[in-house]
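Close look at the chain arrangement
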Amino acid sequence: MSQTTRMCLLGWLGMALLAGYAKIGWSQVVAAGQVTVLKGATIIDGTGKAPMPYGVIVIQGEKIKAVGGKNTAYPADAKVIDAAGKFIIPGLIDMHVHYRPWLGELFLNYGVTSIAVPGNPAYEPAEREPSYRPEARSPRIFSTSGRLPVNGAMTREQVQDMVREWLTRKPDYAALPSFNERNAQVYQWTAELVHEAGLMVFGHTENAPGSVRAGQDVVEHLWGFAEALMTAQELEDFHKGKYLHWGLFLKDQARIDQLIKDAVAKGTYLNPTLVYELGSQTALARDHEVEVYNLFRDEKLMAYFPRNLAEGALFKLRAARNFSTRYENQAAFSVLDPKDREQFYDAYRLCGQFLKKWVAAGGRIIGGTDDPSSGIAGLTLHMEMAMMVESGLTRMQALQSVTGWSAALLNGRRKTASIPTVGVIADGAYADLVVLGADPLDNIGNTKKIERVMKGGRFVQLGYTTSYGAPKPAETAIIPKTPEPEISAVAPYLVVEGSPDFEIAVNGVGFVGNSVVRVDDIPVPTTFVDIRTVRARVPAAAVSRALPNRFNAPGPEQNNGVYGDKTVKITVFNGPPDGGLSNSISLRVIAKWMADEKN
């Protein structure tokens, strides 16, 4: 049994020990074989159809047996639950998750009953199948069974062998390495074989129009379109770190309209990962930060959730994803030049404009968060929907992105049409449902007003259990993480005894806007120059208290400096989340008598 499976089983075992959930008086347990009816709620089925007031959902076992208006028939001995005044939507789907078993409760508590894992970790069938059980305290896992190892040097026969072996692992869809001009032909061969198997192709791309032509079904992130709009010189300069953000290139509306038209004509889906890429640039960032802060105040959750990941989630909402050499990869807004800050906001506005055009052209968007890269899970998907609405999508479209549209993608390119098993409220689909206390079509934020979650016909016990993540998971970093810095040199590297205060330049790698130089472990005022250089003021007191010459062995007294110099330890500290203390380097303090003799 794998570590992943063991962790999942621990969480599921904890569920059996929980007491019944009393909210709105609904029974937690449904007797085996009994028909359950949810009656009176407004049903929003995930397909984009108009909401159905006074709806009836008939559930038998794990599946929905019937769904319809108030006159829908059901057995006389069915267990009827009055849901009048409520709103029922399908269980949500997060289509881009790098799942860890200790995320399961977070997903379920936020109504996410299905997730798709694009290759990392590589969930095999034996690990996926237990997640489908109604009693499993985790979302259903759909997986690529690992990322297909495509490289440009492969022959067509090698590609065929690779795909044939991969299909034996029963993948739900395919994830390919990032598309570029070097692997374009092999990418196309692979996509053709994946499509023949009835599955969809998902992945990164450095040239979205090219990858779409080669068979990519789901464009992961937006930068592949932005790069396609750059001139050759702009692309070269972008690779050299001369621009703050790729989103700034989504400006040529005539070309964008054509790119979108071509992609939509091929049925391409878009996975924008707004929170992961641009979560701090939304006007909702501060509200989201408060929500995250309140979430991680739950002691039961924090008994097992990695604390640095929680801290990282808060920090990421206050930092911009930077692509220039002027700042670190994740730059806190507090260190940005005001004009640069406005450019980041402009990049977000342009990305939102692109999304609105995409949907207006008939394109589909899938909601996927890349979690836990953002430091959260479950809640992130609701933030994603809110950012979509802020960008100009309707509330129904935002809801479809995490229900019906994602469900259609999971249904793949199968030759025989069938209804999706998840993401819709329809006859034959899994009874994965979320009961809301308010209408999400009035306010997309109402998707968080969750009163009940059902998975496979059973209501989920909401809340967190301290033993769910046992054993406590290893620390996991957000992406991009705050690095641990390294020092390679200081300038000046030596001073004379008795020197007054002076400025020192510290050179190395991994410096960030809030890096702090420490002189003999005492923080001193620091100025960030760039990711390789920080400057700091060294006080005279630090030189005067430099360590005695540690190179001089006991014996007859000799002047300091005969065998070595006194030293002052210089280090750099990057604060949390993640970060840490650098190696140390010695600032040499030359004895005054030696300096006098040299002079």
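Residues numbered from 1 in each chain as written. Predicted model: local features only at pLDDT ≥ 70, side-chain atom pairs only at ≥ 80, totals over all residues. Heavy atoms only, no water.

As for helix α11 (residues 285–295)
Quick reminder: α-helices carry 3.6 residues per turn. Residues three or four places apart thus point the same way. Applied cut-off: Burial here depends on accessible area, computed with a 1.4 Å probe over protein chains only, as a share of the maximum for the residue type. Under 20% is buried, over 50% is exposed, and the range in between is partly exposed. Strands here mean DSSP runs of E at least two residues long; helices mean DSSP runs of H or I at least four residues long; both are numbered from the N terminus. What the arc describes is the spread of directions from the helix axis to the C-beta atoms. What makes two residues a contact is simply this: any of their non-hydrogen atoms within 4.5 Å.
Buried residues of α11: Ala285, His288, Glu289, Val292 and Leu295, and no others. Down the axis, α11 shows its buried residues gathered within 125° of arc, on one side only. Contacts made by the buried residues of α11 are with α2 (104–109), α12 (299–302), α13 (307–316) and α15 (379–391).

Digging into the sheet that holds strand β6 (residues 92–94)
Counted only if it meets this: Two strands qualify as a pair provided DSSP detects at least 2 bridges between them. A fitted line through C-alpha atoms represents every axis, and for helices the fit uses only the stretch in contact; the resulting angles, taken between N-to-C directions, go from 0 to 180 degrees.
Pairing in this open sheet of 3 strands is parallel, and the strands run β6-β7-β8 from one edge to the other. Each edge of the open sheet carries a strand with a single partner, namely β6 and β8 (140–143). On average, each strand axis in the sheet is inclined to that of its neighbour by 20°, with strand direction left out of account. Looking at chain direction, β6 and strand β7 (residues 112–117) are connected through 3 bridges and run parallel. By the bridge assignment for β7, Asp94 is matched with Ile115. Most of the contacts of α15 go to β6, to which it runs at about 95°, and overall it touches β6 and β7.

Examining the pattern of salt bridges
Defined as follows: Salt-bridge detection follows one rule: a side-chain nitrogen of Lys or Arg within 4 Å of a carboxyl oxygen of Asp or Glu.
Taken as a whole and judged by the stated rule, the model has 22 salt bridges. Across the salt bridge formed by Glu451 and Lys86, the nearest N and O atoms sit 3.0 Å from each other. One end of the pair, Glu451, is in strand β17 (residues 450–455); the other, Lys86, is in the loop between β4 (79–82) and β5 (87–90), with 365 residues separating them in the sequence. Both residues of the pair, Glu451 and Lys86, count as buried. Glu291 is the salt-bridge partner of Lys448, the closest N and O atoms lying 2.5 Å from each other. Residue Lys448 is located in the loop between β16 (433–436) and β17, and its partner Glu291 is located in helix α11; the two are separated by 157 residues in the primary sequence. Take Lys448: its relative accessible area is 28%, and that puts it in the partly exposed class. Judged by relative accessible area, Glu291 falls into the partly exposed class, the value being 24%. Here the salt bridges share partners, and the residues they tie into one network are Arg286, Glu289 and Arg318.

Structural notes on the side chain of Asp94
Filter applied, for reference: This count recognises Lys and Arg as positive and Asp and Glu as negative, with His and chain-terminal groups excluded.
Mapped onto the secondary structure, Asp94 falls in strand β6. Within the buried core, Asp94 has no salt-bridge partner, and the shortest N-O distance to an opposite charge, that of Arg100, equals 13 Å. Ignoring anything within four residues of it in the chain, the contact list for Asp94 reads Phe107, Val112, Ser114, Ile115, Ala116, Gly367, Gly368, Thr369, Asp371 and Leu381.

Looking at the packing of aromatic side chains
The criterion, for reference: Stacked, edge-to-face and tilted are the three classes for Phe, Tyr and Trp ring pairs, Trp counted by its six-membered ring, which pair at centre distances within 6.5 Å; planes under 30 degrees apart are stacked, over 60 edge-to-face, the rest tilted. By definition, being over a ring means that NZ of Lys or CZ of Arg is both within 6 Å of the ring centre and within 35 degrees of the ring normal.
Inspection of every chain in the model, using the stated rule, returns 16 aromatic pairs. For the ring pair Tyr243 and Phe249, a centre distance of 4.9 Å and an interplane angle of 85° mean the geometry is edge-to-face. Exposure remark for Tyr243: the relative accessible area of 25% places this residue in the partly exposed category. One aromatic cluster is present, formed by Tyr99, Phe107 and Tyr123 through successive ring pairs. The aromatic ring of Tyr430 is capped on one face by Lys63, whose charged end is 4.9 Å from the ring centroid.

Some details on the packing of α11 against α15
Applicable threshold: Roughly parallel means an angle under 35 degrees; roughly antiparallel, over 145; roughly perpendicular, 65 to 115; everything else is oblique. Ten residue types, Ala, Val, Leu, Ile, Met, Phe, Trp, Tyr, Cys and Pro, are classed as nonpolar, four, Asp, Glu, Lys and Arg, as charged, and the remainder, Gly among them, as polar.
Running from N to C, α11 and α15 point in directions that differ by 170°, and their axes come no closer than 11 Å. Judged by the angle between their axes, α11 and α15 are roughly antiparallel. Listed contacts from α15 to His288, Glu291, Val292 and Leu295 of α11 are Leu379, Met383, Ala386 and Met387. In the contact of α11 with α15, the residues fall into 6 nonpolar, 1 polar and 1 charged.

A word on the pairing of strand β24 (residues 526–530)
Examined bridge by bridge, β24 and strand β25 (residues 533–538) share 4 bridges and lie antiparallel to one another. Bridge assignment links Thr527 to a residue of β25, and that residue is Arg535. Hairpin connection between β24 and β25: a loop of 2 residues separates the two successive antiparallel strands.

Observations regarding the environment of Gly46
Mapped onto the secondary structure, Gly46 falls in the loop between β1 (35–43) and β2 (52–60). Once residues lying within four places of it in the same chain are set aside, the contact partners of Gly46 are Pro90, Gln400, Thr403, Gly404 and Gly423.

As for the nonpolar core
Note the cut-off: The nonpolar core is taken to be a set of buried Ala, Val, Leu, Ile, Met, Phe, Trp, Tyr and Cys residues, with the residues joined through side-chain atoms within 4.5 Å.
Counting 85 residues, the largest nonpolar core has Tyr99, Phe296, Phe305 and Trp358 as its most contacted members. Residue contacts for Tyr99: discarding those within four places in its chain leaves Gly104, Phe107, Ile115, Val117, Asn120, Pro121, Tyr123, Ser138, Pro139, Ile141 and Tyr468. Val495, Phe502, Val543 and Leu587 belong to the second-largest nonpolar core, a separate cluster that totals 23 residues.

Some details on the side chain of Asn574
The line we're drawing: Residues adjacent in sequence count toward polar contacts only when both atoms are side-chain atoms; beyond that, a polar contact is any pair of N or O atoms within 3.5 Å, and within protein one must be able to donate a hydrogen and the other to accept it.
One can find Asn574 in strand β26 (residues 566–574). Asn574 sits in the buried class, given a relative accessible area of 0%. Reaching out from Asn574, the side chain makes a polar contact with the backbone oxygen of Gly510 at a distance of 2.8 Å. Excluding residues that lie within four positions of it along the chain, Asn574 makes contacts with Thr482, Pro483, Pro485, Gly510, Phe511, Val512, Ser515, Gly579 and Gly580.

Some points on the confidence of the model for the protein chain
Rules: Note on scores: pLDDT gives the predictor's confidence for each residue, bounded by 0 and 100.
Averaged over all residues, the pLDDT of the protein chain is 91; the fraction at 70 or higher stands at 94%. Contacts for the low-pLDDT stretch residues 1–25, under 50 throughout, to residues beyond four places or in other chains number 42 contacts.

Some thoughts on the sheet that holds strand β19 (residues 486–491)
Taken in spatial order, the 4 strands of this open sheet run β19-β21-β25-β24, and their pairing is antiparallel. Strand pairing shows two members of the sheet lacking a second neighbour, β19 and β24, which therefore form its edges. Between one strand axis and the next, the sheet turns by 25° as a mean value, whatever way the strands run.

Focus on unusual backbone geometry
Residue Pro471 is reached from Ala470 by a cis peptide bond, and omega for that bond is -5°. By the secondary structure assignment, Pro471 is in the loop between β18 (458–459) and β19. Following Ala491, the chain continues to Pro492 via a peptide bond in cis, the omega torsion being 0°. Note that Pro492 resides in the loop between β19 and β20 (494–496). Even without being glycine, His221 reaches a positive phi, approximately 70°. Tracing the chain through its elements places His221 in the loop between β11 (218–220) and α7 (223–228). With phi around 45°, Thr273 is a residue other than glycine that occupies positive phi space.

Looking at α15
As a reminder, the rule being used: A helix is expected to span 1.5 Å multiplied by its residue count minus one.
Under the 1.5 Å per step criterion, the end-to-end length of α15 is 19 Å for 13 residues, consistent within 8% with the ideal 18 Å. Counting buried positions over the 13 residues of α15 gives 11, a clear majority of the element. Along α15, the positions that sit buried rather than exposed are Leu379, Thr380, Leu381, His382, Met383, Glu384, Met385, Ala386, Met387, Met388 and Ser391. Positive backbone phi, at 120°, marks Gly392, one or two positions downstream of α15.

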